[in-house]
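Examining the three-dimensional arrangement
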Amino acid sequence: MQPIIQIQGVGKTYDSGFSALKSIDLEIRRGEIFALLGPNGAGKTTLISIICGIVNASAGRVLADGMDIVQDYRQARSLIGLVPQELTTDAFETVWDTVSFSRGLFGKPADPAYIEKVLRQLSLWDKRNAKMLALSGGMKRRVMIAKALSHEPSILFLDEPTAGVDVELRRDMWEMVRGLRENGVTVILTTHYIEEAEEMADRIGVINRGELILVEEKEMLMQQLGQKQLYLMLQTPLDALPASLGQYNLSLNDEGTQLTYTFDAHHETSGIAELLRSLSELGIDLKDLQSKQSSLEEIFVSLVHRPEESA
Ligand SMILES: Nc1ncnc2c1ncn2[C@@H]1O[C@H](COP(=O)(O)OP(=O)(O)OP(=O)(O)O)[C@@H](O)[C@H]1O
């Protein structure tokens, strides 16, 4: 199946001479949730803006459902909904008018039943006659999503959708994004919340300093990273690991004062209970213990802070 978005050799050098994107090649699959993860200034917004026709690429091309976003701009753009980072609405307009007007901008005939459905989905129905200025920040953000969905796009871009929103709204957004995917909408979100990518995405792309440094299935990433460590601080230092603990994946550190037990976080039984029993049988007393999950965060941090780049 043809990818819904094909990004081919896309580069961007701003007028200032700053090279924000090097040469990006990426294909977005139909119906997936793709998270573009990267630190501030990595180039996420620039890439999205190019795909949405807001910023011109300096090199390369982008196809949306096979259509060139420059040559076939109108057709390609009508497939795309964009929820930008900044809230841009007319303060004195009502929610209903704002969202209906957006639909009109794409040349779609009015469809009050569809607008109602979107507003209800986003828990905005009760607020339909409220003026934008009277809404809370979270509600305004919901309106931005409603606007982006108003013309029934098959691709939705969410640029930092949950930056600065409360936990409840974040959950609602995730719920909504999943609902959209069930209806066949492809969702591309940018985030620097690793938790968000972990929770939502089918695939993850990591972008740093204008380069796409990794694109991977989330499950694969999590499997590779699905290790957990348990640190056991000992009352009395050990000279060496007792032979009877050989069955456990253990290492002795910090001059014999700490045992590190590594286990598979996805395995049903961690082996922790047995290990603690074995230690107790050997008379090894613990001062403290701590567990740590190796997470997407770690791979992300290690990827974006590669030693050769920090030099
Ligand atoms: N119009 C512009 N002129 C010059 N440089 C720009 C312009 N717009 C963005 N940049 C620079 O390009 C780089 C990438 O910016 P971009 O907004 O794409 O990053 P981002 O990954 O979306 O970051 P954030 O998470 O902070 O939104 C940054 O260094 C930014 O300062």
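Residues numbered from 1 in each chain as written. Predicted model: local features only at pLDDT ≥ 70, side-chain atom pairs only at ≥ 80, totals over all residues. Heavy atoms only, no water.

Where an unreviewed UniProt entry is consulted, the chain appears under the name ABC transporter ATP-binding protein, with the organism given as Marinobacterium alkalitolerans.

With respect to the site of the ligand
How we decide: Being near a molecule or strand, for a residue, comes down to having at least one heavy atom within 4 Å of it. Counted as a polar contact is a pair of N or O atoms within 3.5 Å, where, for protein atoms, one must be capable of donating a hydrogen and the other of accepting one, and residues adjacent in sequence contribute only when both atoms are in side chains. Every helix listed is a DSSP run of H or I at least four residues long, and every strand listed is a run of E at least two residues long, numbered separately from the N terminus. Residues are grouped as follows: nonpolar covers Ala, Val, Leu, Ile, Met, Phe, Trp, Tyr, Cys and Pro; charged covers Asp, Glu, Lys and Arg; every other residue, Gly included, is treated as polar.
Near the ligand there are 15 residues, and of these G41, G43, K44, T45 and T46 occur at the shortest range. At 2.8 Å from an oxygen atom of the ligand is found a main-chain nitrogen or oxygen belonging to G43. Here an oxygen atom of the ligand and a side-chain polar atom of T46 are 2.6 Å apart. Element by element, the count of residues in the shell around the ligand is highest for helix α1 (residues 44–51), at 3 residues. Taken together, the residues of the shell around the ligand break down into 5 nonpolar, 8 polar and 2 charged.

Side note on the domain arrangement of the chain
Quick reminder of the rule: Each domain span listed reflects an automatic or database assignment of domains.
As far as domains go, the chain holds domain 1 (1–79 + 154–164 + 179–221 + 295–311), domain 2 (85–153) and domain 3 (227–293). Averaged C-alpha coordinates put domain 1 and domain 3 at centres separated by 41 Å.

Section: the pattern of salt bridges
What counts, and what does not: By definition, a salt bridge exists where a carboxyl oxygen of Asp or Glu is found within 4 Å of a side-chain nitrogen of Lys or Arg. Think of it in three bands: with a 1.4 Å probe and only protein chains considered, a residue is buried below 20% of the maximum accessible area for its type, exposed above 50%, and partly exposed in between.
Inspection of the entire model under this criterion finds 9 salt bridges. Put simply, E199 and R171 hold a salt bridge, and the shortest N to O gap is 3.8 Å. Remark: R171 occurs in helix α6 (residues 167–182) and E199 occurs in helix α7 (residues 194–200); sequence separation between them is 28 residues. You can call R171 partly exposed: its relative accessible area is 43%. Among the ionic contacts, a cluster of salt bridges with common partners joins R171, R178 and E199.

Some details on the pairing of strand β2 (residues 19–28)
Filter applied, for reference: Whether two strands pair depends on DSSP finding at least two bridges between them.
Two elements, strand β1 (residues 5–13) and β2, share 6 bridges in a ladder whose sense is antiparallel. Bridged to I5 within β2 is I28. The hairpin formed by β1 and β2 contains 5 residues between the paired strands, and G17 there has a positive phi angle of roughly 95°.

Remarks on the packing of aromatic side chains
To keep things clear, this is the line we draw: Each Phe, Tyr or Trp ring (for Trp, its six-membered ring) is paired with any other whose centre lies within 6.5 Å, and the angle between the two planes then decides the class: stacked below 30 degrees, edge-to-face above 60, tilted in between.
For the structure shown, the criterion picks out 3 aromatic pairs. Ring geometry for W96 against W125: centres 6.2 Å apart, planes inclined by 70°, an arrangement best described as edge-to-face. Of this pair, W96 sits in helix α3 (residues 95–105) while W125 sits in the loop between α4 (112–121) and α5 (137–149), and the two are 29 residues apart along the sequence. The exposure class of W96 is partly exposed, given its relative accessible area of 24%. Ring centres of Y261 and F263 lie 5.3 Å apart, and the angle between their planes is 25°; on these two criteria the pair is classed as stacked. Given the relative accessible area of 6%, Y261 is considered buried.

Some points on the pairing of strand β9 (residues 203–208)
Burial runs high along β9: 6 of the 6 residues are buried. Looking at chain direction, strand β3 (residues 33–37) and β9 are connected through 4 bridges and run parallel. For A35, the partnering residue across the bridge sits in β9 and is I204. As judged from the 6 bridges shared by β9 and strand β10 (residues 211–217), these two strands associate in the antiparallel manner. Paired with I207 across the bridge in β10 is L212. Hairpin connection of β9 to β10: 2 residues between the antiparallel strands, including R209 at a positive phi of 45°.

Some remarks on the packing of α5 against α6
To be explicit about the condition: Angular values range over 0 to 180 degrees, each being the angle between N-to-C directions of two axes fitted as lines to C-alpha atoms, with helices fitted over their stretch in contact. Roughly parallel covers angles under 35 degrees, roughly antiparallel covers those over 145, roughly perpendicular covers 65 to 115, and oblique covers all other angles. The handedness criterion is simple: a crossing whose near helix is rotated anticlockwise from the far helix by less than a right angle is left-handed, and one whose near helix is rotated clockwise is right-handed. Between two residues, a contact is recorded if the distance between any of their heavy atoms is within 4.5 Å.
At a minimum axis separation of 11 Å, α5 and α6 run at an interaxial angle of 15°. One element, α5, and the other, α6, form an angle in the roughly parallel class. Pair α5 / α6 crosses with right-handed handedness. Contacts between α5 and α6 involve G138, R141, R142, I145 and L149 from the first element and L169, D172, M173, M176 and L180 from the second.

What to know about the sheet that holds strand β5 (residues 67–68)
Read across the sheet, 4 strands follow the order β2-β1-β4-β5 without closing on themselves; strand pairing throughout is antiparallel. Looking along the sheet, the strands with just one partner apiece sit at the ends: β2 and β5. As judged from the 5 bridges shared by β1 and strand β4 (residues 59–64), these two strands associate in the antiparallel manner. Pairing of I5 across the sheet is with A64, part of β4.

Here we look at the nonpolar core
To be explicit about the condition: Nonpolar cores were defined as sets of buried Ala, Val, Leu, Ile, Met, Phe, Trp, Tyr and Cys residues, with membership established by side-chain atoms within 4.5 Å.
In terms of nonpolar packing, the biggest core is built from 42 residues, with L119, I145, L156, L158, V187 and I204 touching the most fellow members. In terms of residues, this core owes the most to one element, α5, which gives 7 residues. Two domains each put at least three residues into this core: domain 1 (1–79 + 154–164 + 179–221 + 295–311) and domain 2 (85–153). Not counting residues within four places of it along the chain, the set of residues in contact with I145 comprises V83, L122, L158, M173 and M176. One finds L21, L36, I50 and V62 within the second-largest nonpolar core, a separate group that totals 29 residues.

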